[in-house]
Amino acid sequence: MTEELPGSQGAPVQPNGSHRPLNVFFDVDNTLIMWNGKLRNHTRDVFQSLKDAGHTIYVWSGVGIRRWDMKRHNLDEFVTDYFVKPLDPLFFRRICEIA
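Note that this is a predicted model, so its numbers are computed, not measured.

Analysis parameters
Residues numbered from 1 in each chain as written. Predicted model: local features only at pLDDT ≥ 70, side-chain atom pairs only at ≥ 80, totals over all residues. Heavy atoms only, no water. Phe/Tyr/Trp six-rings, centres within 6.5 Å; stacked < 30°, edge-to-face > 60°. Helix = DSSP H or I, 4+ residues; strand = E, 2+ residues; numbered from the N terminus. Buried < 20%, exposed > 50% of the residue type's maximum accessible area, 1.4 Å probe, protein only. Pairing = 2+ DSSP bridges. Right-handed = clockwise from strand over helix to strand, strands pointing away. Polar contact = N/O pair within 3.5 Å; in protein donor to acceptor, adjacent residues only side chain to side chain. Contact = heavy atoms within 4.5 Å.

Chemist: Just checking my understanding: could you explain the packing of aromatic side chains for this structure?
Modeler: Enumeration over the complete set of coordinates arrives at six aromatic pairs. Taken together, a centroid distance of 6.1 Å and an interplanar angle of 40 degrees make the contact between phenylalanine 25 and phenylalanine 83 tilted. Taken as a pair, phenylalanine 25 in strand β1 (residues 23–27) and phenylalanine 83 in strand β3 (residues 79–84) lie far apart in primary sequence, 58 residues in all. Judged by its relative accessible area of 33%, phenylalanine 83 is partly exposed.

In structure tokens form, the structure reads like this:
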């Protein structure tokens, strides 16, 4: 039996049995940070496991770049980059057409 790498469940497996690194995107509001501003339970452990397994973490949000929030919760060290999530309905319609 082979042992799973932490944080790599479901990651694509290479022919040699190793897992291919993934680009993992997290939303902030009500995903990483709850409605009351507190960090969701186990977030740091999940981020650490993903990084240890060789994955890349990105944070995106519909309300702008959230670097300050990640720094406030001591998660910035795990995040490679930040993006603004487009909320324009036309963008979503176009993405659905392409997919």
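What follows picks up the thread again.
Chemist: Explain the pairing of strand β2 (residues 56–61) to me, please; I cannot follow it from the model alone.
Modeler: Along any regular strand the residues' side chains alternate between the sheet's two faces. Across the six residues that make up β2, a large majority, five, are buried. In this sheet, β2 lies alongside β1 in parallel orientation, the contact comprising five bridges. Note that in β2 the partner of phenylalanine 26 across the bridge is valine 59. Running through helix α1 (residues 43–52), the crossover from β1 to the neighbouring parallel element β2 is right-handed.

Chemist: Quick question: what am I supposed to make of the side chain of serine 61 here?
Modeler: Structurally, serine 61 can be placed in strand β2. At 3.2 Å, the side chain of serine 61 forms a polar contact with the backbone nitrogen of valine 63. Residue contacts for serine 61: discarding those within four places in its chain leaves Asp27, Val28, Asp29, Arg66, Phe83, Val84 and Lys85.

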